[in-house]
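# Descriptive structure summary
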Amino acid sequence: MAKTVALDAPTLAWARGVFARYYANAPIAAPSRLNRREFAAFPFAAENLMRRHATLRTPAEFHEFLAREVPRHVYYSSAYYRRPAETSMAAKDWLGADLIFDLDSDHLRGAESLDYAGQLRLVKTRLAELVDDFLFSDFGVDPQATEFVFSGGRGYHVHVHDEHFLSLTSPERRELVDYVLGTGFDPMRVVETRREDVRAGRTTDLPDEEGGAGGRDRGMTRMRTLAPPDAPGWRGRTTRALLDVLRRWEEGGTAAAAQEMVGFGVSRPKARHWAKLLVDGGGASRIRTSLTLDVFRHALPSEILEAVVARAKIEVQGETDAPVTTDVHRLIRLPNSLHGGTGFRVVPLGREEIAAFDPFSQALVPSGDDATTAVTFREQVRYPFPDGGVTGSPGGTDELPTAVALFLVLRGEAELRPSPA
């Protein structure tokens, strides 16, 4: 749930004031099926304890709740209940739940070396892949029943309100997660092994029998081909990734290809030998063109094939926070609320808006064009906020737009500068 930096009393009061002005004026739409959901909030208080099991029956009650509570974090249930105000799950009487996917940028492959801004750029790319490749394509989710939300923190939420998914149990949702992650899929299924009969002057594909040898039967030749790139599901996805790996090697050269093979677990001498055949000898190009692996005088060793195919699967493996999707009682951050760890708005987005969305300009809490706040930096900071960005070193001071100051203070990277006596 929320990761929240403790604030001293004056700073807490200042931050709460910024939030209070927002909740008093922001036109926040009430969620669908409002009276069937549970609401929960972290207040601006030293103890920072969550208040749960609130029921809001009308949009008026919803807006009164936000204005009264001024929550530092506010959530609502993805689940629908007959009695959402009850304190036990059994008494709430579960009726169904939206299907939720959550991508947090600091948990993504390749994010460990990126700063916060870089991680937010990366997670947008992975979000598009999740939505287009898995939800819309493989799962058949209706785009019109799907909502995308910048979480205000490290990533994005996908809310699927499609009736077909509401009644899914936790194990059934786990199956969707396993599919996205490629759990249980053997990437070698992308390789199709056949025996070709060319004795009659024509080619007839025959299934490769267990223990069959490539050319032991007169007129019979074993062929290994890749699944078509447009094959549905994981087979086509893995072929496309494998072809991208080969293309990358061609562009990067023999040494880079060999080094990558070594990283896959191939011995260095064998990696150098086959990298030369694949790149300098044109083998990679022939495989990409023909979708056939048998383009060399000697068969591509299974050691190399399995390592490369496994790597290809990893490169197209989907990413999502499994517990969020499988939890049918999940509390999820309220769209258009404010994130208590950054001050960013939790911004709903259309699919076409994701690529151009910039949290550092489009998620800032409105605070007036000329509203500024003086801060002292506690850490080295560098963020791409509008008008040239913000940089600072420990002990340095600056007068910043209030929304930017709020971001730094809530993250614990700056503190309010006392007013001159």
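Predicted model, so just to flag it, every value in this text is computed and none were measured.

## Brief notes about the overall build of the protein chain
- A tally of helices and strands in the protein chain yields 14 helices and 18 strands.
- In terms of overall dimensions, the protein chain has C-alpha extents of about 95 × 55 × 30 Å along its principal axes.
- Looking at the protein chain residue by residue over its 421 residues, the buried ones come to 49%.
- Look at the contacts in the protein chain between residues 6 or more apart in sequence, and 66% of them connect residues 24 or more apart.
- Taken as a whole, the protein chain presents about 20,000 Å² of accessible surface, with 49% of it coming from carbon and sulfur.
- Considering the protein chain, the positive charge centre built from 52 side chains and the negative charge centre built from 58 side chains are found 4 Å apart.

## Concerning the environment of Y116
- Here Y116 is to be found in helix α4 (residues 116-138).
- Y116 sits in the buried class, given a relative accessible area of 9%.
- Once the C-alpha coordinates of Y116 and Y383 are considered, the two residues, 267 residues apart in sequence, prove to be 8.4 Å apart.
- Sequence-distant contacts of Y116, defined by excluding residues within four places in its chain, comprise G152, G153, R154, T342, F344, F360, Y383, F407 and R411.

## Quick word on the sheet that holds strand β6 (residues 99-104)
- Pairing is antiparallel across the open sheet formed by four strands, whose spatial order is β6-β8-β7-β13. The sheet terminates laterally at β6 and β13 (348-349), the two strands that pair on one side only.
- As defined by bridge partners, strand β7 (residues 146-150) adjoins β13 across two bridges and the pair is classed as antiparallel. Residue pairing for β13: F148 is matched across the bridge by L349.

## Side note on the pattern of salt bridges
- Counted according to the given criterion, the structure contains 25 salt bridges.
- E163 is the partner of R33 in a salt bridge, and the nearest nitrogen-oxygen pair spans 2.5 Å. Placement of R33 in the loop between α1 (9-25) and β1 (39-42) and of E163 in helix α5 (residues 163-166) is noted, with a sequence separation of 130 residues between them.
- Relative accessible area serves as the criterion here: at 36%, R33 is assigned to the partly exposed category.
- Judged by relative accessible area, E163 falls into the exposed class, the value being 52%.
- The partner of R37 in a salt bridge is D98, and the shortest N-O contact between them spans 3.2 Å. Taken as a pair, R37 in the loop between α1 and β1 and D98 in the loop between β5 (94-97) and β6 lie far apart in primary sequence, 61 residues in all. Just as R37 is buried, D98 falls in that class too.
- Among the charged side chains, a salt-bridge network with shared partners connects R248, E260, R311 and E315.

## Focus on the packing of aromatic side chains
- Under the counting rule described, the total for this entry stands at 29 aromatic pairs.
- By way of ring pairs, the aromatic residues Y116, F150, Y156, F344, F357, F360, Y383, F385 and F407 are connected into one cluster.
- Taking NZ or CZ as reference, R33 lies 4.7 Å from the ring centre of Y80, over its face.
- The side chain of K92 reaches across the aromatic face of Y81, ending 5.4 Å from its centre.

## Notes on the nonpolar core
- Core analysis: the biggest nonpolar cluster contains 80 residues, and Y23, L135, F344, F360, F385 and L408 have the highest contact counts within it.
- By residue number, the principal contributor to this core is α4, which donates eleven residues.
- The residues touching L135, leaving out its near neighbours within four places in the chain, are F101, L130, G140, V141, V158 and V160.
- Among the nonpolar cores identified, the runner-up in size contains 33 residues, and A227, W249, W274 and V295 belong to it.

## What about the packing of helix α8 (residues 254-263) against helix α9 (residues 268-280)?
- At their nearest, the axes of α8 and α9 sit 8 Å apart, and the two run at 135 degrees to each other. On the basis of the axis angle, α8 is oblique to α9. When you trace α8 past α9, the crossing you get is right-handed. In contact with T254, A257, A258, Q259, M261 and V262 of α8, α9 contributes R268, A271, R272, W274, A275, K276, L278, V279 and D280.

## Side note on helix α2 (residues 59-69)
- Here α2 has its buried residues at F62, F65, L66 and E69. Looking straight down α2, one finds that the buried residues subtend no more than 90 degrees of arc, so they occupy a single side.
- Summarising the contacts, the buried residues of α2 are in contact with α1, β1, β2 (51-54) and β3 (73-77).
- Immediately downstream of α2, the backbone of V70 shows phi near 40 degrees, a positive value.

What counts as what
- Residues numbered from 1 in each chain as written.
- Predicted model: local features only at pLDDT ≥ 70, side-chain atom pairs only at ≥ 80, totals over all residues.
- Heavy atoms only, no water.
- Helix = DSSP H or I, 4+ residues; strand = E, 2+ residues; numbered from the N terminus.
- Buried < 20%, exposed > 50% of the residue type's maximum accessible area, 1.4 Å probe, protein only.
- Contact = heavy atoms within 4.5 Å.
- Areas by Shrake-Rupley, 256 points an atom, 1.4 Å probe, with all protein chains shown as cover.
- Lys, Arg positive; Asp, Glu negative; His and termini not counted.
- Charge placed at Lys NZ, Arg CZ, Asp CG, Glu CD.
- Pairing = 2+ DSSP bridges.
- Salt bridge = Lys/Arg side-chain N within 4 Å of Asp/Glu carboxyl O.
- Phe/Tyr/Trp six-rings, centres within 6.5 Å; stacked < 30°, edge-to-face > 60°.
- Lys NZ or Arg CZ within 6 Å of the ring centre and 35° of its normal.
- Core = buried A, V, L, I, M, F, W, Y, C linked by side-chain atoms within 4.5 Å.
- Axes fitted to C-alpha atoms, helices over the stretch in contact; angles between N-to-C directions.
- Parallel < 35°, antiparallel > 145°, perpendicular 65-115°, else oblique.
- Left-handed = near helix turned anticlockwise from the far one by under 90°.
- Arc of directions from axis to C-beta.

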